[in-house]
Every structure is written in structure tokens, then in C-alpha cells.
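Fold and geometry: a report
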Amino acid sequence: MSFWRRNRAFFKLAIVTNLEYRFNYILDSIGQPIVTSGVELAFWSAIFASTGQQTIAGFDLHSYMAYAIWASFMARISVNWMYEFRMIEEVESGGLNTLLVRPMSFFEYYLSQFLGYKIVTTLISLTIPVAVTVALGFPMIWSRLLPAMGLAVYYLVFLFIMSFIVVTFAFHLTRIQGISVAKNLALWIFSGELLPLDIFPEPYRSALIHLPFSSGVFIPVAYITGRVDATVLYSGVLSISVGIAALSAIAYPMWKWGLRRYVGTGA
Amino acid sequence: MRKYWRIYWSFFRTGFIADMEYRANFLFRVVTDTVWYAAQIIGFNVIFTHTKSIAGWDAEKTRVFLGLLFVADAIYMIMLSDNLDKLTDRVRKGELDLLLVKPINSQFIVSLQRVSTSLITNLIMGICFLGYSFAQLPDASVPRLLWLLLMIPCGLVCLYSVRFMISATSVIFTKADNLQFLWHQVYRLGMRPDQIYSRWLRMIVLSVIPVAMIASVPARFVVGPPDWGLAAWTVGWSIFLIWCSSRYWKLALRFYTSASS
Amino acid sequence: MSSPFAIETTDLFRSYRTYEKNPGIWGSLQGFWNRKYTEKMALAATNLQIEPGQIVGMVGANGAGKTTLIKVLSGLIVPSGGQAKVLGFTPWERDYRYLRQMTVLLGQKNQLWWDISPNDSYSLLADIYDLDRGKAKNRVQELAGLLDCGSVLKTQLRRLSLGERMKMEIIGCLLHDPKILFLDEPTIGLDIVAQTAIRKFLAEYVKEKKPTVILTSHYMDDIAKLADRLLLISKGQIVYDGTVPGFAQKSKSKQKITFALTEPCAHPLILAEQHFPQGTLQFSVEVTDHQLPSTMNQITSLTGITDLRLEQVDFEEVIHDFMRGG
């Protein structure tokens with residue numbers, strides 16, 4: 001009971017503190033996807049214009065544009081920069097002290113905040129791709145939106161455990177933001193934000209789609225824009241589940257090991 | 001002038017000593033940037049499996065473009081990026097006061113004092129990749145590489161000047177995080193050859209937001225015959241922009257002093 | 001609870017590994033590949049027993065090990081060896097039943113949330129500690145009344161002054177009615193008014209609630225006014241453990257006599273076993289109680305005395321002397 005009570009409070013805390021900086025918040029959730037998808041739209045238009053082909057890998061320009069719009073939106077959701085940096089900062093600066101002395105775990109404290117932040121951001125920034133898709137008549141299967149978002153939220157848990165493992169490195173090494181950046185860049189390719197995974201040549205194509213990372217961007221986006229069907233969505237659920245199980249098995253011992261090394265600098 | 005070289009050398013030294021302190025970070029920067037380079041290369045390779053060329057750029061030429069992008073970006077990251085990104089912070093924390101009282105050009109010290117020496121490995125990787133992709137060009141002509149000695153510095157100067165003016169805006173308004181943030185987004189436009197963009201967008205990335213100057217323009221001088229008009233424009237524009245940046249900095253400082261007194 | 005003590009440690013110690021770097025670019029390159037590490041003892045084997053309700057003041061220079069001891073006992077860091085039991089729990093296992101009964105105040109750190117008001121922070125704390133909302137609210141009102149800071153409860157933390165913030169932190173610490181309080185520098189950096197207010201509040205609080213307290217402070221007044229037991233830590237070791245007055249007794253020098261002569265003295269002088277060479281003008285002698293009468297006799301027999309003063313030696317100075325001697 002007390003578990004749910006405090007986690008509901010963390011969830012709310014994330015929303016309250018982020019709304020405190022309204023301007024940054026709006027920019028993060030709306031401004032960034034607009035610019036990114038603008039660049040992508042220009043890019044795909046140029047590719048189609050210069051090749052003169054009607055389709056690339058079986059999909060037409062509209063289909064790529066729809067992908068670009070939704071992918072830049074989805075990529076905003078399924079990435080963890082802010083809270084990962086904050087968590088690393090807590091360990092490095094000794095800010096962790098104030099969390100450790102309370103009857104709660106660091107993991108739940110940040111997971112609940114992360115989900116709270118992400119879910120609200122999602123609801124706000126969802127308006128952009130929806131508006132663009134409707135206005136420009138891009139291919140879109142509306143009934144698939146809800147299951148796709150469900151998959152994305154499930155992916156967030158997986159993503160968070162990855163962040164948590166990165167954070168445990170901070171007990172042993174200083175200034176590990178580099179790991180974080182490297183990981184997020186790798187996800188940029190593996191998730192399908194960079195390019196739709198289905199235009200990669202085989203065997204990379206199948207490998208990338210079957211890894212859990214594809215559930216961050218490619219699977220939900222491809223599913224709602226009609227590039228793939230429900231079987232891919234289910235395989236996403238499965239691969240995330242396997243991923244969560246595997247990462248959890250490492251995460252806890254890593255955390256315990258880190259805490260033994262912790263010196264609580266600062267205060 | 002000698003004095004400034006000496007000062008820069010000591011910036012370099014202190015930067016190096018500081019960077020060596022954080023081994024893990026050092027190694028991960030290398031890993032990160034390798035991933036980033038790989039992503040760019042993979043991205044274009046995948047697209048070229050479906051099409052022969054994009055806006056006149058085929059696979060070989062695009063690789064040269066990427067090589068130049070890596071080299072120029074590495075230089076930018078080593079010398080400038082960290083300084084310009086943190087300028088806003090420095091203003092807010094009042095660190096600018098300490099820099100301004102030194103008997104030295106304040107724009108110089110503000111823009112160049114932090115040298116990210118850990119990224120020299122990136123520069124080396126970039127040069128290797130550029131060399132490799134240049135050798136792959138069917139009509140590779142070595143003398144054309146001499147153009148780079150002029151075009152890369154000019155491109156960097158253009159990019160620096162505009163980026164610096166954005167940072168300097170933070171001296172006037174103290175809160176300009178969002179401008180910086182938008183800059184990072186717009187910078188992505190420079191990661192593709194400018195010819196793929198529509199006419200008006202090209203004009204923008206070659207002038208007001210000169211992100212295409214960093215790699216796209218120098219690449220054109222390596223993969224094809226020199227475009228004298230473009231060369232003149234790049235040199236002239238870089239001189240104009242750096243002049244603007246220094247004027248703008250002086251203007252910004254007037255605001256700074258009047259704001260804090 | 002089997003142990004009669006609230007806090008008990010056996011051979012508890014903690015060491016750190018640090019690395020030394022040679023100067024210059026070459027030194028940096030060497031350090032990159034090959035590092036020399038040295039072990040540093042932050043807390044030497046400590047055996048400590050603290051009874052429930054006792055207020056223990058801990059004093060020592062920076063880096064002496066006070067904070068390390070507090071961090072180990074509050075479960076923040078894991079010791080390198082030894083045992084500790086606090087309220088029957090091993091702190092670093094961080095059992096929630098233990099954490100609910102203890103609190104730590106780190107004077108240099110914010111524990112409340114920066115971007116929200118103290119009131120919002122308190123209701124979040126009530127959720128974390130699973131407290132009854134209404135009771136928590138009343139308690140905040142009560143504590144805020146005692147600290148005289150009810151007016152700022154609704155202002156965001158980042159807009160408050162240092163003194164106000166510290167008061168807010170104290171309320172946050174005491175909200176769940178902890179049985180054990182670790183207070184690390186609760187008055188650091190505050191002005192005299194705020195220091196006195198907080199000191200007064202803590203004195204009243206401990207009198208009423210009878211918690212077990214470990215308190216560290218740079219201000220000896222904090223310790224002298226609040227603590228009924230004093231621990232002096234130097235270089236990771238406890239060098240004195242006893243009462244505050246007992247400490248003053250033990251550290252012999254209790255009073256200080258200062259005086260000057262109008263003419264330099266013609267002969268070497270010995271006052272309370274301290275030597276003063278021929279020609280001295282200014283004198284400063286520290287004496288114990290039983291040396292006082294004879295020394296005073298000696299001094300008054302001198303000619304041309306001006307500016308004679310007798311002062312109680314400052315507690316703070318006593319500690320410094322003790323540490324220098326030890």
C-alpha cells in the first residue's frame with residue numbers, strides 16, 4: 001500500500017517540477033520534434049526528387065514522410081537523457097545521500113518520475129504528429145495508435161533499466177556522461193530513429209527488428225503507418241520482456257556492488 | 001600575435017591535463033564518436049543500396065563529404081564547442097567578470113579557453129576516413145585538397161561567428177538556453193550536402209545559418225572543379241561574419257556591464 | 001531490542017583509495033596508463049556505545065572522520081570492516097523499518113525539493129514515510145510555529161534565504177518523528193540570529209521528545225549548549241569521550257591570566273611552570289584552578305603591573321589545544 005502511495009507521489013512530482021519550467025518543457029516536447037521532422041522531410045523529398053523513383057524499398061514518399069514525422073515524435077518519447085543525467089549527477093555529487101536515507105529505493109523514485117514525465121510529455125506532443133498526419137493525409141491506421149503507445153510505454157521500463165545500469169558505473173568512474181551519450185547514440189540507430197529498419201539490407205534488417213530496441217521507434221511507428229502488421233508488434237512485446245528480464249538480472253547486483261564503493265562525497 | 005599563440009598553447013596544456021584525469025570519459029568519448037560516425041556512414045550506405053545518387057551526390061562523393069564533416073566537426077568540437085555551449089552558464093554564474101578583467105581580448109578568451117583535447121582522437125579518425133574516401137574517388141586529384149586549407153578554416157569561421165553571436169545573446173538576456181538548443185537542432189542541417197535542400201533553405205544554410213559551410217562547401221571543392229564564385233563568397237562572408245561577431249560581442253558587453261551595475 | 005544501547009559499534013572502520021598525480025602533461029600521460037593508489041584511513045576502528053536519549057556532540061577538524069561516522073551510521077556508506085547496530089538494525093542494509101525511525105540533516109545539502117514549496121515537499125515526505133496526512137500537516141504547523149517560519153511554507157525552496165531553508169530542512173527531518181537524529185553541521189554558514197534560533201529550537205525539541213542525537217558542528221556553542229556527551233575525533237580516531245565539563249577539567253588549562261609590565265622584567269620568571277625570559281613585557285599564563293592562588297600571589301608581588309586580566313579559557317580554544325597536544 002505504502003509502495004503505491006509513494007510512487008504515485010513521485011509520478012506527480014515529475015509533472016509538477018517539469019511544469020515549473022513551462023517554456024523548456026514545451027520546447028522539449030513540441031519544438032524539438034518539429035525541427036527534427038522538418039529536416040527529415042526535406043531529406044526524403046530530396047532523395048525521391050533526385051532518384052525519380054516512385055518507391056524506395058516498396059514504400060512511397062508519403063510513407064517515408066509519415067515515418068519521419070512519427071519517428072521523430074516517438075524518438076523524443078523513447079529516450080532518457082534528462083533523468084539519466086540527473087541520476088548520474090546524484091551519484092557523482094553525493095546528492096544520492098538525501099535519497100538513500102529515506103524509506104524508498106532510488107530505482108522506484110526515478111522510475112516513477114520518469115514514467116510520469118514521459119506519459120504527460122507524450123500526451124502533449126502527440127498533438128503534433130496527429131495534426132500533421134491529418135493535414136497532409138499521410139498513411140495512418142488510427143485504430144493501431146493505442147496498442148502502439150502501449151508498446152512504447154512498456155519499452156520505457158526497459159529503457160529505464162538500461163539507464164539504471166549506466167548509472168551504477170558512476171560509483172566506480174567519474175564523469176561517465178560519455179557512456180550515456182554512446183548508449184543513446186547506439187539506440188538512435190538500433191531503434192529506427194535514424195532510418196526505418198526495414199530498408200536495411202538482410203541480415204541486419206531482421207536482426208535489428210528482433211532486438212528489443214526496435215520497440216522504441218520502429219515497431220510502433222511502422223505499425224501505425226502500416227509498414228508492418230500485428231505479429232511484429234507481438235514480437236516486440238516478447239523481446240522487451242526478455243530484455244527486461246536479462247537486464248534486471250544484472251542491474252541489482254551492479255547497484256549493490258556500486259553502493260559498497262560509494263563514499264558519499266560532498267556533504 | 002605571438003602572445004596569443006602562447007596563451008593558446010597553455011589553454012591546450014591545461015585542457016589536456018584535465019582530460020587525462022577522467023580516463024573512462026576519455027575512452028567513452030572515443031566510443032561515442034565512433035558510433036556517431038558509423039551512424040552517418042551506415043545511414044547513407046543503406047540509402048545508397050536503394051538509389052544511385054541523391055541530388056548529384058553518389059556513394060563515393062558522399063563519403064568524401066562525410067569525411068570532411070568528421071574532420072571539420074572534430075576541429076569545431078576540440079576548439080569551440082565546449083566554450084560556446086557553456087558561455088550562458090558562465091554569464092549566469094558571474095564567471096564572465098573574471099575573464100573580462102584580464103588584459104587580453106575577451107572574445108578570444110571566452111571562445112577558446114577550454115580545449116577538449118580528448119577529441120583529438122576523433123580528428124585523427126576523421127582524417128583517416130577522409131583519406132580513405134578520397135582515395136576511393138574515381139577522379140581523385142590531389143591538388144584539389146589544397147582548397148581545404150582555405151575552405152575548412154573559412155567554413156569554421158562562418159559557423160563559429162554565428163554560433164558565437166547566439167551565445168553572446170545570452171549576455172544580453174541571461175536566459176537564452178532555448179536559442180542554443182535550437183541551434184543544435186539546426187546544426188543537423190549541415191550533416192547533409194546542401195544541394196538536397198530546396199532553394200530557399202539552401203540560401204539560408206549558406207548564409208545566415210552557415211551550417212553548410214562546414215562540410216558541404218569544402219567537399220564540393222574536393223569532388224569537382226573549383227567554383228570560383230562560391231570560393232569568393234565563402235571567404236568574403238567569413239570575414240564579414242567574424243567582423244559582425246566582434247561588433248556584436250562589444251555591444252553585448254555594454255549590456256552586460258549596464259545590467260550588473 | 002536485545003542491546004541496551006541505541007547505537008553500538010565494534011571495530012567499525014572505513015578506508016578510502018585515492019590517487020596521486022605527477023604535475024604537468026607528462027605526469028598526466030603517466031597517470032592515464034598507470035595510477036598509484038594510496039589507502040587513506042577515514043575512520044579508524046571505532047567502538048562506541050550510545051544510550052537511548054543521549055545527545056552526543058562530535059568535534060574534530062575537517063576530514064577528521066566525523067562525517068564518515070555519521071554516514072556509516074545512517075546507512076549511506078558501507079564500512080570497510082566492523083559491526084554497527086543502530087536500534088538493532090545494521091544501518092547499511094537500509095531496512096525501511098530502520099530508515100523510518102531515523103533522520104539525517106546534512107547542513108551543506110538540500111534534502112527538500114528545490115523547485116517546489118516546502119509544503120509540497122512535506123506532503124511528498126508524508127507519502128514516502130507513509131504518514132497520516134492530517135497529522136503530518138499539524139506537525140508541520142507546530143514545528144513551523146516553534147521555528148517561527150510559518151510564513152514561507154508556500155514559497156518555492158529556491159526562493160528562500162539560507163536560514164529559512166535550513167529551518168525548512170529541519171522540519172522536513174523531524175516530520176516522521178525519528179528516534180535517532182544525525183545532525184551534521186546544522187548551523188553551518190548561518191548568521192548569528194538564525195544560529196541561535198536553531199540552537200534554541202533543538203534544545204527544546206530534544207528535551208521534549210528525548211531522541212538519541214549525534215551532532216557535529218564547527219560552532220562549539222552548539223555542542224556546549226546541546227550535548228551531554230562529547231566525542232573528539234582526530235585523524236579518524238576518537239581521542240576523547242566524556243562530558244563537556246569533564247573535558248574542560250581534563251584539559252588542565254582552565255583560566256588564562258594576561259598582564260603587562262611598565263618596565264621589562266629584570267629576571268627570568270617562572271609562572272605556573274611556564275618560563276618567561278628576561279625582558280618580557282607582555283605575559284599570558286594558563287593556569288589550573290589549584291595553581292591559580294599561588295600564581296596570583298607571585299604576579300602581584302611584581303612591580304609595575306598594568307592591564308591585569310583573568311579570563312575563562314574559551315571552550316573552543318581548549319579543544320584546539322587538546323588536539324594540538326594529542
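Cut-off values and rules
- Residues numbered from 1 in each chain as written.
- Chains lettered and ligands numbered in written order.
- Predicted model: local features only at pLDDT ≥ 70, side-chain atom pairs only at ≥ 80, totals over all residues.
- Heavy atoms only, no water.
- Phe/Tyr/Trp six-rings, centres within 6.5 Å; stacked < 30°, edge-to-face > 60°.
- Helix = DSSP H or I, 4+ residues; strand = E, 2+ residues; numbered from the N terminus.
- Buried < 20%, exposed > 50% of the residue type's maximum accessible area, 1.4 Å probe, protein only.
- Lys NZ or Arg CZ within 6 Å of the ring centre and 35° of its normal.
- Contact = heavy atoms within 4.5 Å.
- Axes fitted to C-alpha atoms, helices over the stretch in contact; angles between N-to-C directions.
- Parallel < 35°, antiparallel > 145°, perpendicular 65-115°, else oblique.
- Left-handed = near helix turned anticlockwise from the far one by under 90°.
- Nonpolar A, V, L, I, M, F, W, Y, C, P; charged D, E, K, R; others polar.
- Pairing = 2+ DSSP bridges.
- Expected span 1.5 Å × (residues − 1).
- Buried area = accessible area lost by both parts, 1.4 Å probe.
- Salt bridge = Lys/Arg side-chain N within 4 Å of Asp/Glu carboxyl O.
- pLDDT = per-residue confidence, 0-100.

1. Concerning the packing of aromatic side chains
Residues and elements named next belong to chain A. Tallying each qualifying case throughout the model produces 47 aromatic pairs over all chains. Judged by centre distance (5.1 Å) and plane angle (35°), the rings of Phe 164 and Trp 255 are tilted. Here Trp 255 lies in helix α12 (residues 230-261) and Phe 164 lies in helix α8 (residues 145-169), a separation of 91 residues in the sequence. Trp 255 matches Phe 164 in its accessibility class, with the two residues each being buried. Geometry around Tyr 83 places Arg 86 over its ring, the cationic atom sitting 5.0 Å from the centre. We note Arg 227 situated over the ring of Tyr 64; from NZ or CZ to the ring centre the distance is 4.8 Å.

2. Topic: the side chain of Ser 74 of chain C
Secondary-structure assignment places Ser 74 of chain C in the loop between α2 (66-73) and β4 (81-86). Assessed through its relative accessible area of 1%, Ser 74 of chain C is described here as buried. When sequence neighbours within four positions are dropped, the list of residues in contact with Ser 74 of chain C reads Val 101 of chain A together with Pro 91, Tyr 98, Leu 99, Met 102, Val 104 and Phe 182 of chain C.

3. A word on the packing of α8 of chain A against helix α9 (residues 177-190) of chain A
The relative placement of two packed helices is expressed as an angle between their axes plus a distance between the axes. Residue and element names in this part refer to chain A. At a minimum axis separation of 10 Å, α8 and α9 run at an interaxial angle of 150°. Looking at the two axes, α8 sits roughly antiparallel to α9. The handedness of the crossing between α8 and α9 comes out as right-handed. Note on element contacts: α9 touches α8 through Ile 179, Ser 180, Lys 183 and Leu 187, opposite Tyr 155, Leu 159, Met 162, Ser 163, Val 166 and Phe 169. Taken together, the residues of the contact of α8 with α9 break down into seven nonpolar, two polar and one charged.

4. A few points about the sheet that holds strand β8 (residues 229-234) of chain C
Residues and elements named next belong to chain C. Taken together, the six strands give an open sheet; going across it, the order is β5-β6-β7-β3-β8-β9, and neighbouring strands pair in mixed fashion. Looking at the sheet topology across the chains shown, the edges are occupied by β5 (102-106) and β9 (237-242). The average undirected angle you get between the axes of adjacent strands in this sheet is 15°. Sheet topology note: the β5/strand β6 (residues 180-184) ladder contains five bridges and is parallel. Residue Val 104 lies in a different strand from β6, and its bridge partner there is Phe 182. Relative to the sheet, α2 contacts β3 (55-59), β5, β6, β7 (212-216) and β8, its axis offset from that of β6 by approximately 150°. Most of the contacts of helix α6 (residues 162-174) go to β5, to which it runs at about 165°, and overall it touches β5 and β6.

5. Considering helix α4 (residues 82-93) of chain A
With twelve residues, α4 of chain A should reach 16 Å at 1.5 Å per residue; the first-to-last C-alpha distance of 16 Å fits that figure. Gly 94 of chain A, located one to two residues past α4 of chain A, shows a positive phi value of around 85°.

6. A look at the environment of Val 217 of chain B
All names here are of chain B. When you line up the elements, Val 217 lands in helix α10 (residues 216-223). As a C-alpha pair, Val 217 and Pro 193 span 24 residues in sequence and 8.3 Å in three-dimensional space. Ignoring anything within four residues of it in the chain, the contact list for Val 217 reads Met 151, Leu 206, Ala 212, Leu 230 and Thr 234.

7. Brief notes about the interface of chain C and chain B
Listed as interface residues are twelve residues of chain C and, on the opposing side, eight residues of chain B. Of the roughly 930 Å² buried at the junction of chain C and chain B (both faces included), carbon and sulfur atoms supply 66%. Looking only at chain C, the three residues that lose the most surface to chain B are Ile 25, Phe 32 and Arg 35 of chain C, adding up to 60% of its buried area. Here chain C is connected to chain B by zero salt bridges. With seven residues, helix α1 (residues 24-33) of chain C is the largest single contributor of residues to the side of chain C that touches chain B. In terms of residue class, the side of chain C that touches chain B is made up of six nonpolar, four polar and two charged.

8. So, the side chain of Thr 212 of chain C
Examined against the element boundaries, Thr 212 of chain C turns out to sit in strand β7. Judged by its relative accessible area of 4%, Thr 212 of chain C is buried.

9. A short note on the confidence of the model for chain C
Note that predicted coordinates carrying low pLDDT should not be read in detail. Taken as a whole, chain C shows an average pLDDT of 84; of its residues, 93% reach a score of 70 or greater. Scored as a whole, the predicted complex attains pTM 0.80, and scored at its interfaces, ipTM 0.75.

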